[in-house]
Amino acid sequence: MSDPTPVIDDLREESGELDALVARLEPGEWRTASPAPGWTVAHQVAHLAWTDRAALLAVTHEDGFRGLVEQALAAPDRYVDDGAEEGARQDPDELLASWREGRTALDEALRAAAPGARFPWYGPPMAVASMATARLMETWAHGLDIADAIGVVRPPTDRLRHVARIGVRARDFAYAAHGLTPPAEQFRVELTGPGGDLWAYGPEDAPQRVTGPALDFCLLATQRAHRADLALAAEGPDADRWLDIAQAFAGPPGAGRKPTGAAR
């Protein structure tokens, strides 16, 4: 059983960097439109705060979390947007304080969780490390939207290793989410990290593979960029199909982003 502490530490660091970015914004800048249609910077932070609270409930109060799942099932097309809209109406200082409070409580709960514990979620149940990884993935992805909205470039870090890993592990879920049968064979995935090192997943001799920059794979798996704008290569028909449908997040497939014609 692996120690979840490193990914919890990385989640704290990823959140802290984003916090420093939004904490300096003027009140009016929180209403800046982000790349997600209909979402401002405030919506992005509100969604993170809302999801952290949901994760905290899953970790500490399983019965209470089931109530959230029932709400999601009752309004699957509005559930996420409604949560973001409610939080975005808050004063920016109150919203920032709420996000800080929720993520701190989640950090403490994850560190205190029993070894081997598993928690309910909107997709498959999560272990401690998986829950922390999912929160890091969302924090990075929504942080990217915020950075794009306010014209800031956030350099990629080795924390993307967690995002890449969850993207690879979610391969079969992505197929299922599109009503497709996942391939029986594993793929080889070879990604070049921000520091130039190789991040490899799957059998070395797998006939189907995906290669390219880790940043590009993470952008694809979080649907922050269209495949046409990324330097990812696929060998094999199933691997090629995967790059069209990859998603690292639970829930139904998103609309994704339209191609811009310019690589990031």
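Counting starts from 1 at the beginning of each chain's written sequence and moves along it residue by residue. Where local features are concerned, this predicted model is filtered to residues with pLDDT of at least 70; where side-chain atom pairs are given and counted, the filter is 80 or more; whole-chain, interface and lining totals use all residues. Only hydrogens and water are removed before side-chain values are computed, so all heavy atoms of the structure are retained for them.

Engineer: Break down the packing of aromatic side chains for me, citing the residues and quoting the values.
Structural biologist: Only rings of Phe, Tyr and Trp enter the pairing, Trp through its six-membered ring, and a pair is recorded when the two centres are within 6.5 Å. The plane angle decides the type: under 30 degrees is stacked, over 60 is edge-to-face, the rest tilted. The full count for this structure, using the stated rule, is five aromatic pairs. Look at Phe65 and Trp121: their rings are 5.5 Å apart centre to centre, the planes differ by 10°, and that puts the pair in the stacked class. Of the two residues, Phe65 sits in helix α3 (residues 62-74) while Trp121 sits in the loop between β1 (118-119) and β2 (126-127), which places them 56 residues apart along the sequence. Only protein chains enter the accessibility calculation, which uses a 1.4 Å probe; a residue whose area is less than 20% of its type maximum is buried, one above 50% is exposed, and one in between is partly exposed. Phe65 sits in the buried class, given a relative accessible area of 0%. When the ring of Trp121 is compared with that of Tyr122, the centres are 5.0 Å apart and the planes differ by 70°; the resulting orientation is edge-to-face. Per the convention used, a helix needs a DSSP run of H or I reaching at least four residues, while a strand needs a run of E reaching at least two, with both numbered from the N terminus.

Engineer: Break down the nonpolar core for me, citing the residues and quoting the values.
Structural biologist: Nonpolar cores are built from buried Ala, Val, Leu, Ile, Met, Phe, Trp, Tyr and Cys residues. Side-chain atoms within 4.5 Å join them into one set. By size, the foremost hydrophobic cluster in this structure holds 57 residues, and its most contacted members are Met131 and Trp242. Per-element accounting of this core gives the leading share, nine residues, to helix α6 (residues 128-150). Pairs of residues are marked as contacts when any of their non-hydrogen atoms sit within 4.5 Å. Ignoring any residue separated from it by four or fewer positions in sequence, one finds Met131 in contact with Ala55, Ala58, Val59, Leu110, Phe119, Pro120, Trp121 and Met126.

Engineer: Outline the pairing of strand β5 (residues 209-213), listing residues and values.
Structural biologist: The rule for pairing is simple: two strands pair if DSSP sees at least two bridges between them. As paired elements, strand β3 (residues 188-192) and β5 share five bridges and run parallel to each other. Residue pairing for β5: Arg188 is matched across the bridge by Arg209. Sheet topology places β5 next to strand β6 (residues 233-235); three bridges connect them, and they run antiparallel. Looking across to β6, one finds that Arg209 is bridged to Glu235.

Engineer: So what's going on with the sheet that holds β5? Which residues, and what values?
Structural biologist: Sheet strands line up and pair through hydrogen bonds in the backbone, either parallel or antiparallel. The four strands lie next to each other as β4-β3-β5-β6, forming an open sheet whose pairing is mixed. The open sheet has two edge strands with one neighbour each: β4 (198-201) and β6. When strand polarity is set aside, the average angle formed by the axes of neighbouring strands in this sheet is 10°. Strands β3, β4 and β5 of the sheet are contacted by helix α9 (residues 214-221), whose axis makes an angle of about 110° with β5. On the sheet, helix α10 (residues 237-245) packs against β3, β5 and β6 and is oriented at approximately 145° with respect to β6. In this description, a line fitted to the C-alpha atoms serves as the axis of each element, helices being fitted only across the stretch in contact, and the angle between N-to-C directions of two axes falls anywhere from 0 to 180 degrees.

Engineer: A description of the side chain of Asp229 should follow, citing residues and the corresponding values.
Structural biologist: Positionally, Asp229 belongs in the loop between α9 and β6. By relative accessible area, Asp229 is classed as buried at 6%. Counted as a polar contact is a pair of N or O atoms within 3.5 Å, where, for protein atoms, one must be capable of donating a hydrogen and the other of accepting one, and residues adjacent in sequence contribute only when both atoms are in side chains. In terms of polar contacts, Asp229 uses its side chain to reach the backbone amide nitrogen of Thr260, at 2.7 Å.

Engineer: Run through unusual backbone geometry, naming residues and quoting values.
Structural biologist: With phi around 55°, Gln223 is a residue other than glycine that occupies positive phi space. Residue position: Gln223 is located in the loop between α9 and β6. For Gln223, a relative accessible area of 14% puts it in the buried group.

Engineer: Residues and numbers for the environment of Thr133, please.
Structural biologist: Looking at where Thr133 falls in the secondary structure, it is placed in helix α6. Residue Thr133 is classed as buried on the basis of its relative accessible area of 9%. Sequence separation of Thr133 and Ala109 is 24 residues, and the distance between their C-alpha atoms is 15 Å. When neighbours within four sequence positions are excluded, Thr133 is seen to be in contact with Val7, His162 and Ile166. From its side chain, Thr133 meets the backbone oxygen of Ala129 in a polar contact 2.7 Å long.

Engineer: Explain the packing of helix α7 (residues 160-169) against α9 to me, using residue names and the numbers behind them.
Structural biologist: Here α7 crosses α9 at 55°, and the two axes come no closer than 9 Å. Classed by the angle they form, the pair α7 and α9 counts as oblique. Of the two elements, α7 crosses α9, and the hand of that crossing is left-handed. For the pair formed by α7 and α9, the contact residues are Leu160, Val163, Ala164, Gly167 and Val168 on the first element and Leu215, Phe217, Cys218 and Ala221 on the second. Any residue that is not Ala, Val, Leu, Ile, Met, Phe, Trp, Tyr, Cys, Pro, Asp, Glu, Lys or Arg is counted as polar, Gly included; the first ten are nonpolar and the last four charged. In the contact of α7 with α9, the residues fall into eight nonpolar, one polar and no charged. If an angle is under 35 degrees, it is roughly parallel; if it is over 145, roughly antiparallel; if it lies from 65 to 115, roughly perpendicular; otherwise it is oblique. Should the near helix be turned anticlockwise from the far one by less than a right angle, the crossing is termed left-handed; should it be turned clockwise, right-handed.

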